[in-house]
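Reading the structure
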Amino acid sequence: MNLAVQGLRVLVTAGAAGIGLEIARAFMREGAKVHVCDVDHEALDAMDKSDPQITRTTADVADRPRVALLFEEALRALDGLDALINNAGIAGPTGRVEEISPEEWDRCLAVDLTGQFNCARLAVPHLRKSNNASIVNLSSAAGRLAFPMRSPYAAAKWGVVGFTKSLAAELGPEGIRVNAIQPGIVEGERIRRVFESKAQARGISYEQMREEALSLVSMRTTVTPQQIADAIVFLCSPRGRTISGQAISICGDTQMLP
């Protein structure tokens, strides 16, 4: 299938590793131009060898001056903008609500929710100039289900859905579409750390935690970063031109989070 995204100008936040890197590479394979940001200096440096054609900036999306610099560098490298992929996020703390510090709460929401606002507000004036403009915000299955002992993360990811739907209604008349992706259990280092933290908090093994989590997924399977990336590329392509205001789950039919 030709997705017709050759030359599409794409900015991916937290794009130097994990899901973000897979998204960036998926766009590149289709002929798009991609700029990424990340806070991981080692991962950004590694891209010099692995993905030299992807331009990059060191930036924390919760830091507004750094986000402003990110957009200066991205717009210079890409010569405009067609798609913003708000991928940056952190797992946040694991614990009962009374055990979570205000600083941990604030940091989780600053990155996972406010970081998307920080990027979207700077992207929109440039997206208005595009003939194929879109924003994709990364939410989570925790943005539609309860997530015990992960209340900051769940609150942020539910907030992403509200932000997405509001932006879709606001920007739709200008031809800018906005969607959210809600991944389930995505294979990778982050979910391993999450399972380890929850297992420790509950006094069970990592293996028990993983088995329990998969038992709550109808298809009894995890999701790969490639599956997330493929969906995002489609949404940003002309073939996705009438898809907007949606929170799309890619989760193997996750019924509950442990």
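A brief structural summary. (Residues numbered from 1 in each chain as written. Predicted model: local features only at pLDDT ≥ 70, side-chain atom pairs only at ≥ 80, totals over all residues. Heavy atoms only, no water.)

**Section: the overall build of the protein chain**
- Looking only at helices and strands, the protein chain has 8 helices and 7 strands in total.
- For the protein chain, the C-alpha radius of gyration of 18 Å lies close to 18 Å, the compact-globule estimate for 258 residues.
- With the principal axes as the frame, the protein chain shows a C-alpha extent of 50 × 35 × 35 Å.
- Within the span of the protein chain, comprising 258 residues, buried residues form 49% of the whole. (Helix = DSSP H or I, 4+ residues; strand = E, 2+ residues; numbered from the N terminus. Rg over C-alpha atoms; globule rule 2.2 N^0.38 Å. Buried < 20%, exposed > 50% of the residue type's maximum accessible area, 1.4 Å probe, protein only.)

**A short note on the pairing of strand S3 (residues 55-58)**
- As defined by bridge partners, strand S2 (residues 33-38) adjoins S3 across 4 bridges and the pair is classed as parallel. The partner of Asp-38 across the bridge, within S3, is Thr-58.
- As for the winding sense of the linkage, the β-α-β connection from S2 through helix H2 (residues 41-50) to S3 is right-handed. (Pairing = 2+ DSSP bridges. Right-handed = clockwise from strand over helix to strand, strands pointing away.)

**Structural notes on the sheet that holds S3**
- Read across the open sheet, the 7 strands follow the order S3-S2-S1-S4-S5-S6-S7; overall the sheet is parallel. The open sheet has two edge strands, S3 and strand S7 (247-250), and neither has a second partner. On average, each strand axis in the sheet is tilted by 20° relative to the strand beside it, whichever way the strands run.
- Looking at chain direction, strand S1 (residues 9-12) and S2 are connected through 4 bridges and run parallel. What sits directly across from Val-12, in S2, is Val-36. (Axes fitted to C-alpha atoms, helices over the stretch in contact; angles between N-to-C directions.)

**Section: the packing of aromatic side chains**
- Following the criterion strictly, the structure yields 2 aromatic pairs and no others.
- An angle of 70° between the planes, with centres 6.3 Å apart, marks the rings of Phe-147 and Tyr-153 as edge-to-face. Each member of the pair, Phe-147 as well as Tyr-153, is classed as buried.
- With centroids separated by 6.3 Å and ring planes inclined at 55°, the aromatic side chains of Phe-195 and Tyr-206 adopt a geometry described as tilted. (Phe/Tyr/Trp six-rings, centres within 6.5 Å; stacked < 30°, edge-to-face > 60°.)

**Concerning the nonpolar core**
- The biggest cluster of nonpolar side chains holds 32 residues, and the ones touching the most others in it are Val-10, Phe-27, Val-34, Ile-85 and Ile-232.
- If you list the elements that add at least two residues to this core, you get S1, helix H1 (18-29), S2, H2, strand S4 (83-86), strand S5 (133-138) and helix H8 (225-236).
- With 6 residues, the top contributor of residues to this core is H8.
- If we ignore the near neighbours within four places in the chain, the residues touching Val-34 are Val-10, Val-12, Ala-24, Phe-27, Met-28, Gln-53, Ile-54, Thr-55 and Leu-78.
- In this structure, Ala-59, Val-61, Phe-163 and Ile-176 belong to the second largest nonpolar core, which totals 28 residues. (Core = buried A, V, L, I, M, F, W, Y, C linked by side-chain atoms within 4.5 Å. Contact = heavy atoms within 4.5 Å.)

**Quick word on the packing of H1 against H8**
- Between H1 and H8, whose axes approach to 8 Å, the crossing angle comes to 50°. The orientation of H1 with respect to H8, classified from their angle, is oblique. Between H1 and H8 lies a crossing whose hand is right-handed. On H8, the residues that touch Ile-19, Glu-22, Ile-23, Ala-26, Phe-27 and Arg-29 of H1 are Pro-225, Gln-226, Ile-228, Ala-229, Ile-232, Val-233 and Cys-236. (Parallel < 35°, antiparallel > 145°, perpendicular 65-115°, else oblique. Left-handed = near helix turned anticlockwise from the far one by under 90°.)

**Section: H1**
- Compared with an ideal rise of 1.5 Å per residue, which puts 12 residues at 16 Å, H1 spans 17 Å between its outermost C-alpha atoms and is within 8% of the ideal.
- When we look at burial in H1, the residues that qualify are Gly-20, Leu-21, Glu-22, Ile-23, Ala-24, Ala-26 and Phe-27.
- Tucked inside the fold, the buried residues of H1 contact S1, S2, H2, S4 and H8.
- Taken from the residues just after H1, Gly-31 is the one with a positive phi, measuring 95°. (Expected span 1.5 Å × (residues − 1).)

**Points about the pattern of salt bridges**
- The full count for this structure, using the stated rule, is 11 salt bridges.
- A salt bridge links Asp-48 to Arg-56; the shortest N-O distance between them is 2.0 Å.
- The exposure class assigned to Arg-56 is partly exposed, which follows from its relative accessible area of 23%.
- Among the salt bridges present, the one from Asp-60 reaches Arg-107, with a minimum N-O distance of 3.0 Å. Here Asp-60 is found in the loop between S3 and helix H3 (64-78), whereas its partner Arg-107 is found in helix H4 (residues 102-127), with 47 residues between them in sequence.
- One continuous salt-bridge network, built from bridges that share partners, spans Glu-189, Arg-192, Arg-193 and Glu-196. (Salt bridge = Lys/Arg side-chain N within 4 Å of Asp/Glu carboxyl O.)

**Section: the layout of surface pockets**
- The space that makes up the largest pocket amounts to roughly 1,000 Å³.
- Ile-19, Gly-89, Ile-90, Arg-190 and Arg-193 are the residues nearest the centre of the largest pocket, which is lined by 46 residues in total.
- Secondary structure elements with two or more residues in the lining of the largest pocket: H1, S2, H4, helix H5 (151-171), helix H6 (189-202) and helix H7 (206-215).
- Here the element with the most residues in the lining of the largest pocket is H6; it accounts for 7 residues.
- Taken together, the residues of the lining of the largest pocket break down into 27 nonpolar, 8 polar and 11 charged. (1 Å grid on protein atoms, 1.4 Å probe; cavity = no way out; pocket = protein on both sides within 12 Å on 5 of 7 lines; lining within 4 Å. Points joined across faces, edges and corners; volume = space filled by probe spheres on them. Nonpolar A, V, L, I, M, F, W, Y, C, P; charged D, E, K, R; others polar.)

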